[in-house]
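# Remarks on the overall topology
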2 protein chains.
Amino acid sequence: MSHDTREKIIQSASELIYASSYSDVGVQTICNHAGVKKGSFYHFFASKRELVLAMIDAQNEQAKNAILDPSFASDIPPLERFTRFLETMYQLQMQSKNECNHVLGCPIGNLALEMSTRDEILRQKLESTFEKMKQLFKNTLQQALDAGDISDIDPDNSADALLAYFEGVILLAKTRNDPDIIRKLTPNIKGLLLASY
Amino acid sequence: MSHDTREKIIQSASELIYASSYSDVGVQTICNHAGVKKGSFYHFFASKRELVLAMIDAQNEQAKNAILDPSFASDIPPLERFTRFLETMYQLQMQSKNECNHVLGCPIGNLALEMSTRDEILRQKLESTFEKMKQLFKNTLQQALDAGDISDIDPDNSADALLAYFEGVILLAKTRNDPDIIRKLTPNIKGLLLASY
């Protein structure tokens, strides 16, 4: 019943659900994948929902370290960080395409469309995850405004527009099972920002 | 075993799956909702997947008549039709929010994120549905180019960008369970189009 067991369960859930869906992956399948007994699972998590809430926290932490912090680091001008973020998305989706033949998309967007009408607790968790991403985008836009790289935008509105656009681009890549659309639609960020009004 | 029975099954599947998800709605539940026996179901459809392929056709036909044809009618200039389309989306999501307390989102986007990695036949069907929408957007942009309302855009690229943006905006509305974001992000269409390059 070590801390490692809990981490193994979360990691298994993350891999299995990301490659498939919430509904399609049961607790028994997660336990089999993690090599733990069901009793052990319920020692750590009261339900699949509780596990998935912890899984989203773990995914957010991983995304922060592996994707968001490097993409939005201050070594390049603020607006260029959005381009770097999409290039990172492209690389990750290409990697999953090469490894499992599928573009897996955004784990948060996937769960949001599958679960938002079915589980209010999960919906709120996913909404707050998007809210954190939006705040990161908004802060970056504010830095661009302060540096005079851009003007006449409402950073709150533009941050929402970017978040919507990124989720939509990744949705298209998943539906087409082809990451190329991410690169093709990257230059359009500029338009979305520069002529918002 | 009438044609009506088939339509009733499709309509039940459409309502139930749209409000929940593909995995969450079984054949028995669809039969109960439609008031038909399982034998009758399998007279018309070899599997749930076959039913869902027919359901997507029916939804596309309904969307064409109720949403796309009216939104993209030629009584207003081409670019304004995109704004009218998003306003129609807003009204529909507000209606579902009022009726069932949930923003249900885009039925095609919902299935695309749930099923694209799990069923290649469904993925291709959803991809081709998006492709038809893209062509409609592209034709509309070409009309705007021909009329001189816009210049210096690649209508193929911009049609993809609009499709991604619309799906992303509706994804956010569903995740927040609030249609307001659709109206807030409508003016940004202009930027996405006017400064693509």
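Throughout what follows, the structure given in this document is the object of discussion. The model shown is predicted, which means the values in this text are computed figures rather than measured ones.

## Structural notes on the overall build of chain A
On a plain count of helices and strands, chain A comes out with 10 helices and 0 strands. Its C-alpha atoms give chain A a radius of gyration of 18 Å, near enough to 16 Å, the size a compact globule of 197 residues would have. By principal-axis analysis of the C-alpha atoms, chain A measures approximately 60 × 35 × 30 Å. With 197 residues in all, chain A has 53% of them scored as buried. Of the contacts made within chain A by residues no fewer than 6 positions apart, 63% connect residues no fewer than 24 positions apart. Carbon and sulfur atoms make up 50% of the accessible area of chain A, which totals about 8,300 Å².

## Here we look at the relation of the copies chain B and chain A
Note on the copies: chain B fits chain A at an RMSD of 0.0 Å, the axial shift is 0.0 Å, and the rotation between them is 180 degrees. In symmetry terms, the pair is related by a two-fold rotation axis. The share of interface residues of chain B whose copies in chain A are also at the interface is 100%, consistent with both copies meeting through the same surface.

## What about the interface of chain B and chain A?
Counting residues at the interface gives 48 residues for chain B and 48 residues for chain A. Carbon and sulfur atoms supply 62% of the area buried between chain B and chain A, which totals about 4,000 Å² over both sides. On the chain B side of the contact with chain A, L113, T117 and T175 of chain B bury the most area, a combined 17% of that side's loss. A salt bridge links R118 of chain A to D24 of chain B, with the nearest nitrogen and oxygen atoms 3.2 Å apart. Between chain B and chain A we count 20 residue pairs in polar contact (both at pLDDT 80 or more) in total. Only helix 6 (107–115), helix 7 (120–146), helix 8 (155–176), helix 9 (180–184) and helix 10 (188–194) of chain B provide two or more residues apiece to the side of chain B that touches chain A. In terms of residues, the side of chain B that touches chain A owes the most to one element, helix 8 of chain B, which gives 14 residues. Partitioned by chemical class, the residues of the side of chain B that touches chain A number 20 nonpolar, 15 polar and 13 charged.

## A word on the packing of helix 4 (residues 48–71) of chain A against helix 6 (residues 107–115) of chain A
Residue and element names in this part refer to chain A. It is the contact of helix 4 with helix 6, at a shortest axis distance of 11 Å, that shows an interaxial angle of 150 degrees. By the angle class used here, helix 4 and helix 6 are roughly antiparallel. Judged by residue contacts, V52, M55, I56, Q59 and N60 of helix 4 engage P107, I108 and L111 from helix 6.

## Details of the packing of aromatic side chains
All names here are of chain A. Following the criterion strictly, the structure yields 22 aromatic pairs over all chains and no others. Between F72 and F82 the ring centres are 5.4 Å apart and the planes differ by 75 degrees, which places this aromatic pair in the edge-to-face class. With F72 in the loop between helix 4 and helix 5 (78–100) and F82 in helix 5, the pair connects residues that are 10 residues apart, well separated along the chain. The burial state of F72 is the same as that of F82; both residues are buried. Each residue in the set F72, F82, F85, F137 and F166 is aromatic and connected to the rest through ring pairs, giving one cluster. A cation over a ring is seen here: K48 above Y22, with NZ or CZ 4.3 Å from the ring centre.

Basis of the calculations
Residues numbered from 1 in each chain as written. Chains lettered and ligands numbered in written order. Predicted model: local features only at pLDDT ≥ 70, side-chain atom pairs only at ≥ 80, totals over all residues. Heavy atoms only, no water. Helix = DSSP H or I, 4+ residues; strand = E, 2+ residues; numbered from the N terminus. Rg over C-alpha atoms; globule rule 2.2 N^0.38 Å. Buried < 20%, exposed > 50% of the residue type's maximum accessible area, 1.4 Å probe, protein only. Contact = heavy atoms within 4.5 Å. Areas by Shrake-Rupley, 256 points an atom, 1.4 Å probe, with all protein chains shown as cover. Least-squares fit on C-alpha atoms with pLDDT ≥ 70 in both. Buried area = accessible area lost by both parts, 1.4 Å probe. Salt bridge = Lys/Arg side-chain N within 4 Å of Asp/Glu carboxyl O. Polar contact = N/O pair within 3.5 Å; in protein donor to acceptor, adjacent residues only side chain to side chain. Nonpolar A, V, L, I, M, F, W, Y, C, P; charged D, E, K, R; others polar. Axes fitted to C-alpha atoms, helices over the stretch in contact; angles between N-to-C directions. Parallel < 35°, antiparallel > 145°, perpendicular 65-115°, else oblique. Phe/Tyr/Trp six-rings, centres within 6.5 Å; stacked < 30°, edge-to-face > 60°. Lys NZ or Arg CZ within 6 Å of the ring centre and 35° of its normal.

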